[in-house]
Amino acid sequence: MTGVYVGPLKRQQHTFEIVKKVYDENNLFLPEPILENGLLEHNGHKAMELMLPTLIKTVPYVKELVEQINTNPERKKANGLLIFQYFLNEWVEGKMDVKEFCRGKNSARSEKRIKYDFE
């Protein structure tokens, strides 16, 4: 192994430490981590949360799922997952621009004091 790339998030670095401990316990070599800011992950749940009002207004399917939740709170988990699945499918297919939600703490959005749950 020639290199291990680790993202900037605390949980990413913590995962590396867990792996390193297992390698050390088994006398295996693990190179020092290389910090790679490009491994900063999106915050899909936050992106969907911020897009939800628009989705409710523009997508009848999402509006119906939300209405079902409002009339039957027991549907919250199941319908919430269906909404998230719809959101991710649209995002993956390039039908939804969410670049602003894929940036780290130094983004313009964070400067407007929108809290990210990255860490």
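Computed from a predicted model, the values in this text were never measured in an experiment.

(A) Structural view of the overall build of the chain. On a plain count of helices and strands, the chain comes out with five helices and two strands. Going residue by residue from the N terminus, the α and β elements of the chain occur as β-α-β-α-α-α-α. Put simply, the chain has 119 residues, and 29% of those count as buried. Intrachain contacts of the chain at a sequence separation of at least 6 include 57% that bridge at least 24 residues. For the chain, the computed accessible surface area is about 8700 Å², with 53% contributed by carbon and sulfur atoms.

(B) Quick peek at the pattern of salt bridges. Summed over all chains, the structure comprises three salt bridges. With a closest N to O distance of 3.2 Å, glutamate 49 and lysine 46 form a salt bridge. Of the two residues, glutamate 49 and lysine 46 are both situated in helix 2 (residues 44-58); the distance of three residues between them amounts to about one turn of the helix. Given the relative accessible area of 48%, glutamate 49 is considered partly exposed. Lysine 46 sits in the buried class, given a relative accessible area of 15%. Among the ionic pairs, lysine 95 bridges to glutamate 93, the shortest N-O distance being 3.0 Å. As far as burial versus exposure is concerned, lysine 95 and glutamate 93 are alike and both exposed.

(C) Fine view of the nonpolar core. Ranked by internal contacts, the top residues of the largest apolar core, which has 14 residues, are Met48, Met51, Leu55, Val62, Ile83, Phe87 and Met96. Only helix 2, helix 3 (60-71) and helix 4 (76-92) provide two or more residues apiece to this core. Contact partners of isoleucine 83, with chain neighbours within four places excluded, come to Met48, Leu52, Val62, Leu65, Val66 and Ile69.

(D) Here's a closer look at the environment of proline 31. Within the secondary structure layout, proline 31 lies in the loop between helix 1 (10-25) and strand 2 (33-35). The spatial distance from the C-alpha of proline 31 to the C-alpha of tyrosine 5 is 9.7 Å, given a sequence separation of 26 residues.

(E) Focus on the side chain of glutamate 90. Along the chain, glutamate 90 falls in helix 4. Buried and unpaired, glutamate 90 has lysine 95 as its nearest opposite-charge partner, separated by 4.2 Å. Discounting chain neighbours no more than four positions away, the residues touching glutamate 90 are Lys95 and Met96.

(F) Structural detail: the packing of helix 3 against helix 4. Put simply, helix 3 and helix 4 touch, their axes get as near as 9 Å, and they point 165° apart. It follows that helix 3 is roughly antiparallel to helix 4 by the angle criterion. As for the relative orientation of helix 3 and helix 4, their crossing is left-handed in sense. Taking contact as the criterion, the partners of Tyr61, Val62, Leu65, Val66, Gln68 and Ile69 in helix 3 are, on helix 4, Lys76, Asn79, Gly80, Leu82, Ile83 and Tyr86.

(G) Fine view of the packing of aromatic side chains. Applying the stated criterion across every chain yields a total of three aromatic pairs. Ring geometry for tyrosine 61 against tyrosine 86: centres 6.0 Å apart, planes inclined by 55°, an arrangement best described as tilted. Taken together, the residues span a long stretch of sequence, with tyrosine 61 in helix 3 and tyrosine 86 in helix 4 at a distance of 25 residues. Relative to phenylalanine 87, the ring of phenylalanine 84 has its centre 6.4 Å away and its plane inclined at 25°; by these criteria the two rings are stacked. Of this pair, phenylalanine 84 and phenylalanine 87 are both found in helix 4, three residues apart, which corresponds to roughly one turn of the helix. Of the two residues, phenylalanine 84 and phenylalanine 87, neither departs from the other in class, the shared state being buried. Cluster of aromatic residues (ring-pair linked, three or more members): Phe84, Phe87 and Trp91.

Definitions and cut-offs
- Residues numbered from 1 in each chain as written.
- Predicted model: local features only at pLDDT ≥ 70, side-chain atom pairs only at ≥ 80, totals over all residues.
- Heavy atoms only, no water.
- Helix = DSSP H or I, 4+ residues; strand = E, 2+ residues; numbered from the N terminus.
- Buried < 20%, exposed > 50% of the residue type's maximum accessible area, 1.4 Å probe, protein only.
- Contact = heavy atoms within 4.5 Å.
- Areas by Shrake-Rupley, 256 points an atom, 1.4 Å probe, with all protein chains shown as cover.
- Salt bridge = Lys/Arg side-chain N within 4 Å of Asp/Glu carboxyl O.
- Core = buried A, V, L, I, M, F, W, Y, C linked by side-chain atoms within 4.5 Å.
- Lys, Arg positive; Asp, Glu negative; His and termini not counted.
- Axes fitted to C-alpha atoms, helices over the stretch in contact; angles between N-to-C directions.
- Parallel < 35°, antiparallel > 145°, perpendicular 65-115°, else oblique.
- Left-handed = near helix turned anticlockwise from the far one by under 90°.
- Phe/Tyr/Trp six-rings, centres within 6.5 Å; stacked < 30°, edge-to-face > 60°.

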